[in-house]
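Chain residues, written in single-letter form:
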Amino acid sequence: KLAAIPLMALLIGACALSSSPSSPMDTPSPVATSLPAATMANTPTRTPAPSLTLTRVASPTATLIPTHRIGVRRVDGAGEFYDRQTGEKFIPRGFNYVRLAPMSATNPNLWHSTLNPGFYDPERAELALQTMRAAGYNVVRIFIDCCREGNNVGDPAGGLSDAYLENVIDFLKRAEANKIYVLLISDLTPAQGGYDDLWQQCCTTFDGENLRYLTSGGHRAERRFNQDFIRALIERQAPMKAIFAYDLTNEVHFSVDKPPFNLFSGKVTTANHQTYEMASPEEKRRMMDENLVYWIDQQRAAILEVDPTALVTVSFPAINSGQTTVHTGPAIRESTADFIDLHAYLGWGLSLEDYVDRFEIQGYTEKPIILGEFGAAKRAYPSAAVAAQALQEMQVGTCGYGFDGWLLWTWDGDEQKELWNGLSENGEISAALAPKERPDPCLQ
């Protein structure tokens, strides 16, 4: 990862996926695994559902939930979002809404605090959503915190934190009232709540991020958390229609400096029940690619068990930092993810063409692709006005590669001094990208 790309790569310590990240902002990434490191199908169909319906969920209470309003379909071979109620094409345009604060009194590293009890600011969130709506924006991306020490979505007594869930629901209600859809990022399993008890296979054969994608325990923990979290929202009568999609994790990646990728002999059997030879670089590559597709498919299936009409995505970093890597091509083309969320930032020496090559999406149109994080570095753009022009050009340029949506990093994240945000200076960036001013994002 370049020393300034918003990729928040969580470098999980040995045997410690459950513990707080050791240095969450080591890389310039907007947070947690994907900010600029410094401080970076649903069945495709042309025929929309005539109206919102109720779906019976396989839960102990057999709760009925509304069908999610935004779906995915394929038109003339190209994937696109659409409004299931009106049948109209839907174009996600908006922001990442992020609050950061020191991890604890003894750990000054910045970490997500947006929805955490004691940190959540509903009035600020309300103002942000109202202002976004007035400018024509329709989607906001937000993190569910796994790891703040003693204060995250997990409950130390077991399961999920009621106080945290109340904040999530409050935000969803405010978003719904402002006609803004929410992309929820589940990221890691909670440090509290018992989910990490399932991370048992550590550290001889698997370690670091590899525990998440290559072990049966990692798969079980993620499935349990995702299902518990969604069921909790449903049972508390959260406005599920306000949810645009679930992101399985922020910026998926593997730890190549940890087992099994740093092994050079022997065989390893992974969560997909396949065995790979560690003496072979080709086998290691195949292990990575096949298990990522398997992980996405398994987690998406688990979510649809409790929320059958939900959209599920997975996001990829703009660049890999340190000893991390991921190959996007197989996951994009072979997994059941409903759409793909890619991240790219201006000011770190990579052109739009470089990003497209890195993501392996040349000529790909079968699934919708969004730019779920994009932004500009202050070191490369001397003012918000100059950055706004560059970001607008970037947005227009991505249209030629088939992108279907754009979410800026961030709305008003002044905590990250190295990046311009939507409201920086006089709000030039928000104005330059606003649907109200530019109804067609592919035209300047």
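Residues numbered from 1 in each chain as written. Predicted model: local features only at pLDDT ≥ 70, side-chain atom pairs only at ≥ 80, totals over all residues. Heavy atoms only, no water.

Colleague: What is the right way to look at the overall build of the protein in this model?
Modeller: Secondary structure assignment for the protein yields 9 helices and 19 strands. Within the protein, the fraction of its 444 residues that count as buried is 61%. Accessible surface, the protein: about 15,600 Å² in total, of which carbon and sulfur atoms supply 50%. (Helix = DSSP H or I, 4+ residues; strand = E, 2+ residues; numbered from the N terminus. Buried < 20%, exposed > 50% of the residue type's maximum accessible area, 1.4 Å probe, protein only. Areas by Shrake-Rupley, 256 points an atom, 1.4 Å probe, with all protein chains shown as cover.)

Colleague: Could you clarify how one ought to interpret the nonpolar core in this entry?
Modeller: Phe-171, Phe-229, Leu-233, Phe-244 and Phe-316 are the most contacted members of the largest nonpolar core, which has 124 residues in total. Looking at this core element by element, the count peaks at 8 residues for helix 5 (residues 281-306). Apart from the residues lying within four places of it in its own chain, the contact partners of Phe-171 are Tyr-97, Leu-115, Tyr-120, Ala-125, Leu-129, Val-140, Ile-142 and Val-182. (Core = buried A, V, L, I, M, F, W, Y, C linked by side-chain atoms within 4.5 Å. Contact = heavy atoms within 4.5 Å.)

Colleague: Whenever I open this one, the pattern of salt bridges confuses me. Can you help?
Modeller: Between side chains of opposite charge, a pair can form as their charged atoms come close. Tallied over the entire structure, the rule returns 18 salt bridges. A salt bridge links Arg-141 to Asp-341, with the shortest nitrogen-to-oxygen separation between them at 3.3 Å. Of this pair, Arg-141 sits in strand 9 (residues 139-143) while Asp-341 sits in strand 17 (residues 339-346), and the two are 200 residues apart along the sequence. Exposure class is identical for Arg-141 and Asp-341. Each is buried. (Salt bridge = Lys/Arg side-chain N within 4 Å of Asp/Glu carboxyl O.)

Colleague: It is not clear to me how helix 4 (residues 216-235) should be interpreted in this structure. Could you clarify?
Modeller: Since the α-helix turns once every 3.6 residues, residues separated by three or four places project in the same direction. Taking 1.5 Å per residue as the helical rise, helix 4 with its 20 residues ought to reach 28 Å, and the 28 Å between its terminal C-alpha atoms agrees with that figure. Taken from the residues just after helix 4, Gln-237 is the one with a positive phi, measuring 60°. (Expected span 1.5 Å × (residues − 1).)

Colleague: How do you make sense of helix 8 (residues 384-399) when you look at a structure like this?
Modeller: Here helix 8 is 16 residues long and its end C-alpha atoms lie 23 Å apart, about the 22 Å a rise of 1.5 Å per residue gives. For helix 8, every residue scored as buried is listed here: Ala-384, Ala-387, Ala-388, Ala-390, Leu-391, Gln-392, Met-394, Gln-395, Thr-398 and Cys-399.

Colleague: Hey, could you run me through the packing of aromatic side chains in this one?
Modeller: Aromatic rings considered in pairs are described by the distance between their centres and by the relative angle of their planes. A complete count under the given rule lists 16 aromatic pairs for this structure. Their ring planes at 85° and their centres at 6.1 Å tell us that Tyr-345 and Trp-348 sit as a pair that is edge-to-face. In this structure, Tyr-345 and Trp-348 share a single accessibility class: buried. Ring geometry for Tyr-355 versus Phe-359: centroids 6.3 Å apart, planes at 15°, classification stacked. Taken together, the residues span about one helical turn, with Tyr-355 and Phe-359 both in helix 7 (residues 352-359) at a distance of 4 residues. Comparing Tyr-355 with Phe-359, the two get one shared label, buried. Across from the ring centre of Tyr-97, 5.5 Å away, lies the NZ or CZ of Arg-99, which sits over that ring. Here Lys-378 stacks its cationic end above the ring of Trp-420, 5.0 Å away from the centre of that ring. (Phe/Tyr/Trp six-rings, centres within 6.5 Å; stacked < 30°, edge-to-face > 60°. Lys NZ or Arg CZ within 6 Å of the ring centre and 35° of its normal.)

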